[in-house]
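Fold and geometry: a report
Next come the chains, spelled out residue by residue.
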Amino acid sequence: MENKEYDVVIVGSGIAGSIVAKTLTQAGKQVLLLEAGLEAGMAFDTEGAYKNYQDYMRSYYTALAKVPNAPYPDVKDAQSPNVLDMAQINGTLDKGYFVQKGKLPFASDYARAAGGTTLHWLGTCLRMLPNDFKMRSVYGQAVDWPINYAYLKPYYEMAEREIGVASDVSDQRYPNVGDDFFGKEYVFPMYKIPQSYIDKSFIEGLAGLEISLNGDTYLPWCTSTPQGRNSTPNEKYRHAATVWNTTTQKLELQAFPKKSDVYVPVGAIWDPYAGQRCEGNASCVPICPVQAKYNALKTLKSAKKEHLTLISQVVATKINIDTSTGNITGVAYKKYEHPDSKNYTEGVAKGKIYVLAANAIENAKILLASEACKNSKVVGCNLMDHAVLLTWGLMKDKVYPFRGPGSTTNIPTFRDGKFRKDHAAWISPIDNWGWGWPTGSPDTDLDHAVSTLNLYGKDLRKHIGDQLSRQLLLHFECEQLPEKANRVTIDKNYLDNIGNYRPVITYNVDDYTLKAFKASKSVSDQIFAGMGVQDYTNYPSNEPDYTTFDKQGYVFRGAGHVVGTHCMGTTKENSVVNDKQQAWDHQNLYLVGAGNMATLGTSNPTLTLAALSFAAAENILKALK
Ligand SMILES: Cc1cc2nc3c(=O)[nH]c(=O)nc-3n(C[C@H](O)[C@H](O)[C@H](O)COP(=O)(O)OP(=O)(O)OC[C@H]3O[C@@H](n4cnc5c(N)ncnc54)[C@H](O)[C@@H]3O)c2cc1C
Ligand code: SF4
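Not measured: the values here are computed from a predicted model. (Residues numbered from 1 in each chain as written. Chains lettered and ligands numbered in written order. Predicted model: local features only at pLDDT ≥ 70, side-chain atom pairs only at ≥ 80, totals over all residues. Heavy atoms only, no water.)

When helices and strands are tallied, the chain shows 12 helices and 23 strands. A compact globule built from 625 residues should have a C-alpha radius of gyration of about 25 Å, and the chain, at 23 Å, falls within 12% of that. The C-alpha extent of the chain, read off along each of the three principal axes, is 70 × 60 × 55 Å. Relative to its 625 residues, the chain shows a buried fraction of 61%. Sequence-distant contacts, at least 24 apart, represent 73% of the contacts inside the chain between residues at least 6 apart. When the accessible surface of the chain is split by element, carbon and sulfur atoms take 50% of a total near 24,000 Å². Separation between the mean location of the 65 positive side-chain charges and that of the 65 negative ones in the chain comes to 2 Å. (Helix = DSSP H or I, 4+ residues; strand = E, 2+ residues; numbered from the N terminus. Rg over C-alpha atoms; globule rule 2.2 N^0.38 Å. Buried < 20%, exposed > 50% of the residue type's maximum accessible area, 1.4 Å probe, protein only. Contact = heavy atoms within 4.5 Å. Areas by Shrake-Rupley, 256 points an atom, 1.4 Å probe, with all protein chains shown as cover. Lys, Arg positive; Asp, Glu negative; His and termini not counted. Charge placed at Lys NZ, Arg CZ, Asp CG, Glu CD.)

A separate point is the site of ligand 2. Every one of the 13 residues lining ligand 2 counts as a neighbour, but Cys-278, Glu-279, Asn-281, Cys-284 and Cys-288 are closest to it. A per-class count over the shell around ligand 2 returns six nonpolar, four polar and three charged. (Near = heavy atom within 4 Å. Nonpolar A, V, L, I, M, F, W, Y, C, P; charged D, E, K, R; others polar.)

When the UniProt feature table is mapped onto this chain numbering, "domain: Glucose-methanol-choline oxidoreductase N-terminal" (unreviewed entry) sits at residues 278-388. Within the segment residues 278-388, helix and strand shares are 14% and 32% respectively, and the terminal C-alpha atoms sit 26 Å apart. (UniProt positions renumbered as here; feature names shortened; annotations may be inferred.)

On to the side chain of Asn-619. For Asn-619, the position within the fold is in helix α12 (residues 606-624). Residue Asn-619 is classed as buried on the basis of its relative accessible area of 8%. In terms of polar contacts, Asn-619 uses its side chain to reach the backbone carbonyl oxygen of Lys-580, at 3.2 Å. Setting aside residues up to four positions removed in sequence, Asn-619 forms contacts with Tyr-151, Lys-580 and Tyr-590. (Polar contact = N/O pair within 3.5 Å; in protein donor to acceptor, adjacent residues only side chain to side chain.)

This part is about the packing of aromatic side chains. Enumeration according to the criterion identifies 33 aromatic pairs in this entry. Aromatic pair Tyr-539 and Tyr-554: ring centres 6.0 Å apart, planes at 45°, arrangement tilted. Of the two residues, Tyr-539 is situated in the loop between β20 (534-535) and β21 (546-549) and Tyr-554 in strand β22 (residues 552-558); the sequence distance between them amounts to 15 residues. Among the aromatic side chains, those forming a connected cluster through ring pairs are Phe-133, Trp-145, Tyr-149, Tyr-156, Tyr-174, Phe-181, Phe-182, Tyr-186 and Phe-188. Positioned above the aromatic ring of Phe-44 is the side chain of Lys-305, whose terminal nitrogen or guanidinium carbon lies 5.9 Å from the ring centre. Here the guanidinium or amino end of Arg-415 rests over the ring plane of Tyr-174, the centre of that ring lying 5.1 Å away. (Phe/Tyr/Trp six-rings, centres within 6.5 Å; stacked < 30°, edge-to-face > 60°. Lys NZ or Arg CZ within 6 Å of the ring centre and 35° of its normal.)

In this model, Val-285 is joined to Pro-286 through a cis peptide bond whose omega is 15°. When you line up the elements, Pro-286 lands in the loop between β9 (250-255) and α6 (296-301). Omega for the bond connecting Ser-441 with Pro-442 falls within 30 degrees of zero, at 5°, which places this linkage in the cis form. Relative to the helices and strands, Pro-442 is located in the loop between α8 (436-439) and α9 (443-452). With phi around 60°, Gln-249 is a residue other than glycine that occupies positive phi space. The residue Gln-249 is located in the loop between β8 (239-245) and β9 in this model.

Further remarks concern the UniProt feature "domain: Glucose-methanol-choline oxidoreductase C-terminal" (unreviewed entry) in the chain. Summarizing the sequence annotation, UniProt attributes the feature "domain: Glucose-methanol-choline oxidoreductase C-terminal" (unreviewed entry) to residues 482-612 in the numbering used throughout. End C-alpha to end C-alpha, residues 482-612 measures 19 Å, and it is 21% helix and 17% strand.

Taken together, 37 residues lie near ligand 1, and Glu-35, Thr-117, Thr-124, Ala-316 and Thr-606 sit nearest. In this structure, a nitrogen atom belonging to ligand 1 sits 3.1 Å away from a main-chain N or O atom of Ala-36. Notes on ligand 1: free accessible area 1,000 Å², of which the protein chains cover 96%. Elements represented by at least two residues in the shell around ligand 1 include exactly α1 (15-26), β11 (314-321), α7 (360-369) and α12. The dominant element in the shell around ligand 1, judged by the number of residues it contributes, is β11, at three residues.

Moving on, we get to the nonpolar core. Counting 108 residues, the largest nonpolar core has Leu-34 and Leu-367 as the members making the most contacts within it. At 12 residues, α12 tops the list of elements feeding residues into this core. Tyr-139, Leu-206, Leu-390 and Trp-426 belong to the second largest nonpolar core, which has 64 residues in total. (Core = buried A, V, L, I, M, F, W, Y, C linked by side-chain atoms within 4.5 Å.)

Attention shifts here to the side chain of Glu-479. Take Glu-479: it is sitting in the loop between β17 (471-478) and β18 (487-489). Within the local environment of Glu-479, its side chain forms a polar contact with the backbone nitrogen of Ala-425, the two atoms lying 2.9 Å apart. Not counting chain neighbours up to four residues away, the residues in contact with Glu-479 comprise Met-135, His-386, Arg-420, Ala-424, Ala-425, Tyr-512, Thr-513 and Gly-601.

The next point concerns the sheet that holds β18. With mixed pairing, four strands are arranged side by side in an open sheet as β3-β4-β19-β18. If you trace the sheet from one side to the other, it starts and ends with β3 (93-94) and β18, each paired once. Alignment of β18 against strand β19 (residues 504-506), held across three bridges, turns out to be antiparallel. Considered in β19, the bridge of Val-488 is made with Ile-505. (Pairing = 2+ DSSP bridges.)

Along the chain, Val-31 falls in strand β2 (residues 31-34). Of the residues examined, Val-31 reaches a relative accessible area of 0% and is grouped as buried. Between the alpha carbons of Val-31 and Asp-7 there is a distance of 6.0 Å; along the sequence they are 24 residues apart.

Pairing of β8 with β9, which is carried by six bridges, proceeds in the antiparallel orientation. Its bridge partner lying in β9, Thr-242 is registered against Leu-253. The hairpin formed by β8 and β9 contains four residues between the paired strands, and Gln-249 there has a positive phi angle of roughly 60°.

A word on helix α11 (residues 511-531). In this model, α11 (21 residues) spans 30 Å end to end at C-alpha, consistent with the 30 Å of a helix rising 1.5 Å per residue. Looking at the residues trailing α11, positive phi occurs at Gly-532, about 70°. (Expected span 1.5 Å × (residues − 1).)

Moving on to α1. Taking 1.5 Å of rise per residue, 12 residues should cover 16 Å, and α1 covers 16 Å from first to last C-alpha, within 8% of that figure. For α1, the full list of buried residues reads Ile-15, Ala-16, Gly-17, Ser-18, Ile-19, Val-20, Ala-21, Lys-22, Thr-23, Leu-24 and Thr-25. Gly-28 lies just past α1 and shows a positive phi near 95°.

By secondary structure assignment, the location of Asn-497 is in the loop between β18 and β19. Judged by relative accessible area, which is 17%, Asn-497 ranks as buried. Each C-alpha atom of the pair Asn-497 and Lys-76 lies 6.0 Å from the other, and the pair is 421 residues apart in sequence. Among the polar contacts made by the side chain of Asn-497, one reaches the side chain of Asp-77 at a distance of 2.7 Å. Looking at Asn-497, its side chain comes within polar contact range of the main-chain oxygen of Asp-340, at 2.9 Å.

See below:
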């Protein structure tokens with residue numbers, strides 16, 4: 001590897017890096033992919049892949065706290081953040097991987113293992129709305145993107161094919177969006193995942209309920225949620241693959257050669273026939289036992305092997321820059337011997353083009369350690385996440401949660417509207433997993449019933465049956481605007497086991513989002529009152545992300561949507577990459593992933609970052625010709 005020059009060197013095998021690797025190798029380019037996670041995670045043969053995944057499953061079964069990173073190895077040489085390390089900050093919070101110095105902790109994590117964070121994502125696959133790309137011109141807030149929805153639309157279709165999104169277009173209804181949002185003929189690769197019983201009960205309860213917000217009246221509605229998990233293929237879906245057209249110099253969705261061809265769901269990487277349908281195991285976060293849920297290993301497995309060199313246990317530390325041209329000349333890395341040993345060898349990987357796909361926080365860290373993109377004033381800045389306000393209560397009748405995927409329905413009504421001039425928009429998924437997130441149900445209910453209520457035998461069974469079967473949890477995932485002060489930095493006083501920088505994070509939530517907490521809580525109160533839901537929501541002041549607004553206390557959670565830090569923009573001063581996702585200062589460096597997103601909107605970011613990754617791959621292929 002040391003002496004070879006590849007066409008492209010990619011750092012990171014999450015969905016962003018895997019899409020670029022697959023697209024480039026299938027177009028005949030020689031690609032080297034560096035991955036920080038353990039070698040075992042890179043096994044694609046039946047035996048190796050199955051064994052490794054069963055190791056993940058065993059860690060999950062035995063973990064006391066089933067948090068997102070519970071199944072995956074905690075490697076000291078390539079550490080991952082863990083939500084269990086989050087706490088209130090008093091000066092500096094130096095616990096686990098992140099060093100936190102802001103007013104509030106950044107409470108999201110990611111996985112540094114082959115396949116990246118899609119190993120433990122939920123799989124919600126929403127497109128951004130057209131107005132999300134023009135927040136400045138429509139609402140006078142933040143910035144406009146240099147690209148718009150129409151530009152991204154064909155790449156969204158490629159991303160939906162790659163992930164294998166299950167949804168019905170006829171079901172999708174969003175505010176301020178017309179028929180051209182999907183296009184009249186469009187279908188998803190698979191039919192929607194059936195909505196749960198709890199969804200159906202909630203939809204019935206919500207029907208006709210008038211909600212007042214800022215003096216306006218809304219009639220909220222529910223929509224089934226598009227998801228990256230396998231269901232029944234839609235026979236009308238006609239796209240076989242995304243291919244590079246050398247004549248048009250564009251990526252295109254290629255039609256199936258024969259009329260009788262149909263989309264085949266992509267099963268587990270160890271056995272294509274396992275996981276071809278979601279089985280309702282209900283452990284999607286942190287792990288789907290059968291890989292019915294998409295993860296990036298599926299994309300990587302379908303890259304062209306002859307053109308792809310994969311190296312794991314390699315942590316990229318820095319990019320080398322030719323100061324006279326600004327070009328990147330190599331990626332410096334450390335290859336560790338064992339997960340936790342201090343022994344490593346150093347090397348430099350060389351290519352014509354370099355792609356950082358290590359996620360928003362790790363990409364920013366590598367840029368800062370390299371003193372790259374110096375003309376930009378915002379490297380590492382504008383870190384964003386959805387701030388998730390939860391509300392929970394008991395429905396009047398039994399709705400039987402704790403089954404199926406985490407969420408199959410959402411309320412999209414407040415994803416866009418004139419209120420965005422004043423406060424954040426939000427999306428409200430309806431949860432299928434009871435009060436698990438805020439209270440630790442069902443274990444805590446049992447503990448409370450036995451230890452506090454002193455219930456046993458029949459009484460205990462009746463109590464638990466009555467309580468658990470009526471639990472309702474709503475999320476209000478509120479958008480956050482880019483703020484320069486919310487940022488990732490590095491500090492030589494905070495290094496990891498092999499001397500690499502740990503992310504030093506400064507984070508807060510401003511009034512634009514806090515106002516949305518107040519507004520969404522009032523919407524929740526009206527829904528609960530209208531549907532007769534007994535409200536159990538409470539926000540204890542000792543929780544990590546406790547904050548106050550207008551004399552009211554709120555606890556919010558991170559959504560795992562790590563966005564910003566190398567935003568796309570129109571000038572090298574106000575952004576890090578241009579509309580081609582190419583670093584302004586280094587013409588052979590591309591940054592991919594949610595770090596490029598200029599604003600966040602209300603959709604979970606992965607479908608958008610996947611669409612952007614296809615667009616980046618196309619730009620790289622044009623540059624390589
Ligand atoms: C609990 C949870 C639930 C989520 N649910 C959803 C959802 O439902 N819908 C949605 O849209 N999004 C969801 N997300 C977010 C989603 O998982 C991420 O947006 C997405 O996986 C990011 O992909 P990525 O390829 O950019 O980065 P990652 O997946 O983080 O991949 C980065 C890769 O780079 C590697 N790497 C890192 N540093 C280095 C280095 N220095 N050298 C070499 N390799 C390196 C890592 O090991 C990893 O393989 C969720 C996140 C969490 C935490
Ligand atoms: S519900 Fe179960 S089978 Fe379906 S995606 Fe989630 S974990 Fe996998």
